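Close look at the chain arrangement
The lines below spell out each chain.
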Amino acid sequence: MADVTTIHQPVLLDDCVDLVAPALAKPGATAVDCTLGLAGHSTAFLKACPEARLIGIDRDTEALGLAAERMRMEGLSERFIPVHAAFDEFAQVLDDQSIDRVDAVFMDLGLSSLQIDETDRGFSYSHDAPLDMRMDVSQPLTAERILAEYSYADLVRIFRTYGEERFSKQIAREIVRRRETEPLATSGQLNRLVDEVVPQAHRPAGNPAKRVFQALRIEVNGELDKLAGTLPQIANRLAVGGRLVVESYHSLEDKTVKSFMNQGLKADVPPDMPVVPPDMMPFFKELTRGAIKADDEEIARNPRSASVRLRADPADSTAMAEAVRARGRLHECERKRKEALRWPHQELFCRAPFRLDAKARTRRRERPVRSCMSSKARVPKATVSSADSNS
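Given the structure is predicted, the values throughout are model-derived calculations rather than measurements.

Thresholds, definitions, all that
Residues numbered from 1 in each chain as written. Predicted model: local features only at pLDDT ≥ 70, side-chain atom pairs only at ≥ 80, totals over all residues. Heavy atoms only, no water. Helix = DSSP H or I, 4+ residues; strand = E, 2+ residues; numbered from the N terminus. Expected span 1.5 Å × (residues − 1). Polar contact = N/O pair within 3.5 Å; in protein donor to acceptor, adjacent residues only side chain to side chain. Salt bridge = Lys/Arg side-chain N within 4 Å of Asp/Glu carboxyl O. Buried < 20%, exposed > 50% of the residue type's maximum accessible area, 1.4 Å probe, protein only. pLDDT = per-residue confidence, 0-100. Contact = heavy atoms within 4.5 Å.

1. Here we look at helix α4 (residues 61-73)
The end-to-end C-alpha distance of α4 is 19 Å, a good match for the 18 Å that 13 residues give at a rise of 1.5 Å each. N-capping of α4 is provided by D60, with a side-chain oxygen placed 3.0 Å from the backbone N of E62. Just downstream of α4 lies G75, where phi reads positive at about 75°.

Structure below.
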């Protein structure tokens, strides 16, 4: 077996352990690592909390096998439960284990070190490989299939929405033109195409194809939709006093996590409402102020930590479950409706309703509100944790 300790250097490991461990101090505490990878963080959690057990979820069977072997070698396998699933199956995984509440949930978003270093799945533009990009190789959709079958409009949508690519139209137009004569089957072909299309004077730092590769990876694996659908599931199953900790690595992930956490930090009511209903009470309390970032020493030791953003908030009260259920139902209905209409991801979140004063009611009659969440809090990154039961 490969030495996974040399493949994987966990990002902000000490900070993550400091945030997770207090929730796992009691006997029988349960943690869930939604992005197990090579179990660098998970082994540290179990070592720091000798009375806790951990459920490790990963959709990559190769990573899951390596993580399970690492746990066995560390003598931690009796307190470790590996599960092959995507993290948006969070609630089902707990139901299958007959677990109602968990005390800590950790997410390390993006690619694992194993996937970054592998050269045969096309994740990296640094190596010429088949355009696969699947984290779960059992699923049918690949990056090659997207480039071969998606319409010009859909290609523009994913490059612009998931890659924030300035030249989305030009790149999509050239892909459609070239695929009529030859298939785009390798990362090298796509890299050269983008290099020819993007003007030299308008290139971002680094490889000009990095945004296109990011967009394809997100589309293949449904990363942002899965993340947006998973966060309410986690909050609904997080025990009071439990903690959710999330590391994200690009702005779209961070906005999704940050938005959800900010939503949970305030009452979902007009400021002049005299009584706040239980299902509109805040269900998180601030644990970290803003995002934790890697310092120069961490970046020098582990360059992949340069873009990390780590966030944490605790659940504020026992009203958390009721509030999350109510807001989660709205989120799920809106998500399904917009998926059916094939709306772009940035429109996934709802806008805030107008305040119920006289002026707002007039505006509301003139222009019906289509949604229910602040447009400024549409996409986050982060770490969340539940407040003490005495909070």
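2. Details of the pattern of salt bridges
With the rule as written, the count across this model stands at 17 salt bridges. Between R72 and E69 there is a salt bridge, with its nearest N and O atoms 2.5 Å apart. A residue pair is termed a helical-turn pair when its members lie 3 or 4 positions apart in one helix, as R72 and E69 do in helix α4 at three residues. In this structure E69 comes out as partly exposed when scored by relative accessible area, which is 26%. Of the charged contacts, one joins D154 and R157 as a salt bridge, the two residues approaching to 3.7 Å between their closest N and O atoms. Residue D154 and its partner R157 are located together in helix α8 (residues 152-163), separated by three residues, close to a single helical turn.

3. Let's talk about the confidence of the model for the protein chain
Residues with a pLDDT of 70 or more make up 75% of the protein chain, whose mean pLDDT is 80. When the criterion is pLDDT under 50, residues 341-383 qualifies, and its contacts beyond four places in sequence or with other chains add up to 114 contacts. Counted against residues more than four places away or in other chains, residues 387-391, with its pLDDT under 50, gives 12 contacts.

4. Section: the side chain of R178
Locating R178 in the fold gives a position in helix α9 (residues 168-178). Polar side-chain contacts of R178 include one of 2.6 Å to the side chain of E174. With residues up to four places along the chain from it excluded, the contact list for R178 reads L193 and E196.

5. Side note on the side chain of T161
Counting through the fold element by element, T161 comes out in helix α8. Within the local environment of T161, its side chain forms a polar contact with the backbone oxygen of R157, the two atoms lying 2.7 Å apart.

6. Examining helix α13 (residues 251-264)
Residue pairs three or four apart in sequence face the same way in an α-helix, which turns once every 3.6 residues. Over its 14 residues, α13 runs 20 Å from end to end, which matches the ideal 20 Å to within 8%, given 1.5 Å per residue. With 10 of 14 residues buried, α13 lies mostly within the body of the structure.

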